[in-house]
Amino acid sequence: MRYTLLGTVRALRGDTELDLGPPKRLALFSLLLLRAPGPVSLNDAVDVLWPDEPPASAVNVVHRHIGSLRKILEPGLHSRTNAEHLARAADGYRLLVDASASDLLRFRDLRAQAQLAVKAGDPEQAAHDFTAALRLWRSPVVADGTSVARHPVFTSVGHEFVATVKEATDVVLASAPALTEDVLSALRGAVERHPFDEALHSRIITALAATGRQAEALRQFETIRRTLADELGVEPGVELRAAHHRLLRRKLSADADRPAARPDAAGGRAHLPPDSVPFVGRQEALNQGLRLTPPDDGSESPATIVALCGMAGVGKTTLAVHWAHRTAERFPDGQLYVDLQGYHSSQPPLDPCQAMSALLDALGVPRDRTAGAAALNSAYRSALAGRRLLIVLDDAQDCEQVRPLLPAAPGCLAIVTSRRRLEGLTVTHNAQIITLNAMTRQESLQFLERRLGTDRVKAERASAEEVVDMCGGLPLALAVAGARALSRPRFPLASLASQLRDVLVALSSQDTRTDARSAFRRSYEALSTAAATLFRLISLHPSCEITPKAAASLAGTDLRATLEHLSELADHHLLVELIPGRYTCHDLLRAFAAELSTVLDTSHVRSQARARMIEHYLYSAEAATAVLAPQRGTVDLPPPRPGVRPQEFSCPAEAAEWIVAERYLLPALAKEVRHHPRGESLQRQLTSTLHNSLRPDGG
């Protein structure tokens, strides 16, 4: 069986088209195909088929049409329980199809592949996937010809086509100009249905200019300018004016017989990777970025440098690109992007000269390719002077890689993404730092809904919540989990949640760019040996929160060295100091650290680390008791082993604060003490100490 929805609704068995029956049945089939492989409830079917007041017999009519459709799709079916195409489920009816049978699902699959290719640094493959998706769309109106073709549930899908056309155009103009005619055809089809969409018109103008048709591009601008004035009484917006401005600059350049700019050069959104459509969450960080963006009011504000930092897989690039798209019209001289490959899975980091060369090429600036670093730097500075540019420097390894690339011209904006904190840029370039943390639970659920569909997530809300909790708010993990669910549309989300209990195995992927373990490993491999050892051993700690002295005891190192190692781990966002003196580790990173420790640390090393940790809390709890309730006496403890560095308290307030902070950890440690060489006797001592230190009247 094959089904089409992108234009005329059809069902084919082999080469034979099936007669789906009268308009209401055809409309119901269209709804089933639109929601496939998700369910259509009886309420949804009635609401769509009878937009006004449904008759009393509406539910029975739906049931009869379902029965007729089963007979059409499976004429030899004897029992509906054995249906292979149209099945009854607890949440309604489902048409059991996948991307091999449905043109809409194939379209969405190709679009998702293209977006992944862009993020993986393969824009040429993305361009081919995007254009292949566009060729499937024979009409921008879904369910064309059915009685409900204008219902919002169908027309909203047409917006997917428009968004994909825009994404495809940006990628094609930047990386695959040979496919420009393909996107031009799709752009014209889209603008017929959305005549006032200025973003479509601006891309048509840019695409025409890129293929040398400046006169036709000028006519396109004049046509939409007159249409906006006559129909809406408004002038072209910022994006359309920017496209016109670039067109005039290109025409003047050609008229002066100077080398024309490259199709993807000097301004325009084609320099940015496609925006994430739709963009989910991150409103606080995005608003912070928008407030830092230089205003487009003609003022000579100094160049703005913003470092967007966070752990691997937290969505830094996605946010940076979305922010850049939101503000691109403020930078008429160009919006540039370069992947610095700081933590690339297979390529070494770009050195600054390589990055400069890429940016000069994007600006269409001729240069001597044999020139040395000094001449290249001079050419780069000259090219940036006097231009109002937006530059996204993605995946920076460190401050030194970035500094030579930062613009100095007034009104420019550089967005730098990195796994490092890049605090040095705040000193040398007055950079602002935005730290991107994990998504909230609500944002994570929205993310999953956008990937899997609201119906599927709502139908299994508890399992969906379990999935997002196990992914820890990490967009990379959520995306991998969502991809697994999409590839198994008939599997319940409960089965995915069950898989995710073995977190790193479930989130592994054959693609190193989307594999959580590989992403974490690239951060881990950038650490010094001592910091890497501490990272592994922290997985032995029973809480996700640890103090410097507890970390020093765990590793058996002095406090000063431990503080340096903790600072290094925090710099790489493998730990986060959310409150002064207490470091936390993301659950997925803890799982990764535990996996590394099992492989790289001997049983003796791990046993000794556990013993030091237990003694750290035993002696710290005893010290707290001595300060809070000296009248009770103390437990007779043997001297701590070398490397144990208990907490020290100068007053009851400090001791009480420590007890409150560790009130959940300390009882759990009484059970962990079995790992200690003197487990039985120490368990008695620790239990007694905890009893004294945790009593309410103890301070």
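Trainee: Report on the confidence of the model for the protein chain, specifying residues and quantitative values.
Mentor: Averaged over all residues, the pLDDT of the protein chain equals 84, while 88% of them reach at least 70. Every residue in residues 255–270 scores below 50 in pLDDT, and together they form 41 contacts with partners more than four places removed in sequence or on other chains.

Trainee: With reference to specific residues and values, describe the nonpolar core.
Mentor: With 87 residues, the main nonpolar core has Phe520, Phe535 and Leu569 as its most contacted residues. Leu5, Leu31, Ala36 and Ala114 belong to the second-largest nonpolar core, a separate cluster that totals 80 residues.

Trainee: Residues and numbers for the pattern of salt bridges, please.
Mentor: For the coordinates displayed, the defined rule picks out 26 salt bridges. By sharing partners, the salt bridges in this structure join Arg441, Glu449, Arg461, Glu465 and Asp469 into a single network.

Trainee: Which residues make up the pairing of strand E8 (residues 335–339), and what values do they have?
Mentor: Of all the 5 residues making up E8, 4 are buried; the element is thus mostly covered by neighbouring parts of the structure. As paired strands, E8 and strand E9 (residues 390–396) are joined by 5 bridges and run parallel to one another. Bridge pairing in E9 links Tyr337 to Val392.

Trainee: With reference to specific residues and values, describe the packing of helix H23 (residues 516–524) against helix H27 (residues 587–600).
Mentor: Running from N to C, H23 and H27 cross one another at 70°; their axes reach a closest spacing of 11 Å. As the angle between them shows, H23 and H27 are arranged roughly perpendicular. Across the interface between the two elements, Arg517, Phe520, Arg521 and Tyr524 from H23 touch Leu588, Leu589, Phe592, Glu595, Leu596 and Leu600 from H27. Grouping the constituent residues of the contact of H23 with H27 by class yields 7 nonpolar, no polar and 3 charged.

Trainee: Lay out the sheet that holds strand E4 (residues 39–40) with the relevant residues and their values.
Mentor: Across the sheet, 3 strands lie side by side as E4-E6-E5; this open sheet has antiparallel pairing. Looking along the sheet, the strands with just one partner apiece sit at the ends: E4 and strand E5 (86–89). In this sheet, strand E6 (residues 92–95) lies alongside E4 in antiparallel orientation, the contact comprising 2 bridges. When the sheet's bridge partners are listed, Val40 is paired in E6 with Tyr93.

Trainee: Help me get a handle on helix H8 (residues 198–210), residues and values and all.
Mentor: Here H8 spans 18 Å end to end across 13 residues, near enough to the 18 Å set by a 1.5 Å rise per residue. Measuring from the side-chain oxygen of the N-cap residue of H8 to the backbone nitrogen of Ala199 gives 3.0 Å; that N-cap residue is Asp197. In the stretch just after H8, Gly212 is the one whose phi turns positive, near 85°.

Trainee: Please provide a residue-by-residue account of the packing of helix H13 (residues 352–363) against helix H14 (residues 373–384), values included.
Mentor: Packing of H13 against H14 leaves a shortest axis separation of 10 Å and a crossing angle of 40°. Taken together, the axes of H13 and H14 are oblique relative to one another. The handedness of the crossing between H13 and H14 comes out as left-handed. Contacts between H13 and H14 involve Cys353, Met356, Ser357, Leu359, Leu360 and Leu363 on the former and, on the latter, Ala373, Leu376, Asn377, Ala379, Tyr380, Ala383 and Leu384. For the contact of H13 with H14, the residue count by class is 11 nonpolar, 2 polar and no charged.

Trainee: Give a description of helix H24 (residues 529–538) that names residues and reports values.
Mentor: Taking burial as the measure, the 10 residues of H24 include 7 buried ones, the bulk of the element. What H24 keeps buried is the set Ala531, Ala532, Leu534, Phe535, Arg536, Leu537 and Ile538. Packed against the buried residues of H24 are H23, strand E12 (545–546), helix H25 (548–555), helix H26 (559–571), H27 and helix H28 (603–628).

Trainee: Outline the state of the cysteines, listing residues and values.
Mentor: Taken as a whole and assessed by the stated rule, the structure comprises 0 disulfides. Take Cys399: it sits in no disulfide, and the sulfur closest to it among the cysteines is that of Cys309, at 8.6 Å.

The rules behind the values
- Residues numbered from 1 in each chain as written.
- Predicted model: local features only at pLDDT ≥ 70, side-chain atom pairs only at ≥ 80, totals over all residues.
- Heavy atoms only, no water.
- pLDDT = per-residue confidence, 0-100.
- Contact = heavy atoms within 4.5 Å.
- Core = buried A, V, L, I, M, F, W, Y, C linked by side-chain atoms within 4.5 Å.
- Buried < 20%, exposed > 50% of the residue type's maximum accessible area, 1.4 Å probe, protein only.
- Salt bridge = Lys/Arg side-chain N within 4 Å of Asp/Glu carboxyl O.
- Helix = DSSP H or I, 4+ residues; strand = E, 2+ residues; numbered from the N terminus.
- Pairing = 2+ DSSP bridges.
- Axes fitted to C-alpha atoms, helices over the stretch in contact; angles between N-to-C directions.
- Parallel < 35°, antiparallel > 145°, perpendicular 65-115°, else oblique.
- Nonpolar A, V, L, I, M, F, W, Y, C, P; charged D, E, K, R; others polar.
- Expected span 1.5 Å × (residues − 1).
- Polar contact = N/O pair within 3.5 Å; in protein donor to acceptor, adjacent residues only side chain to side chain.
- Left-handed = near helix turned anticlockwise from the far one by under 90°.
- Disulfide = S-S within 2.5 Å.

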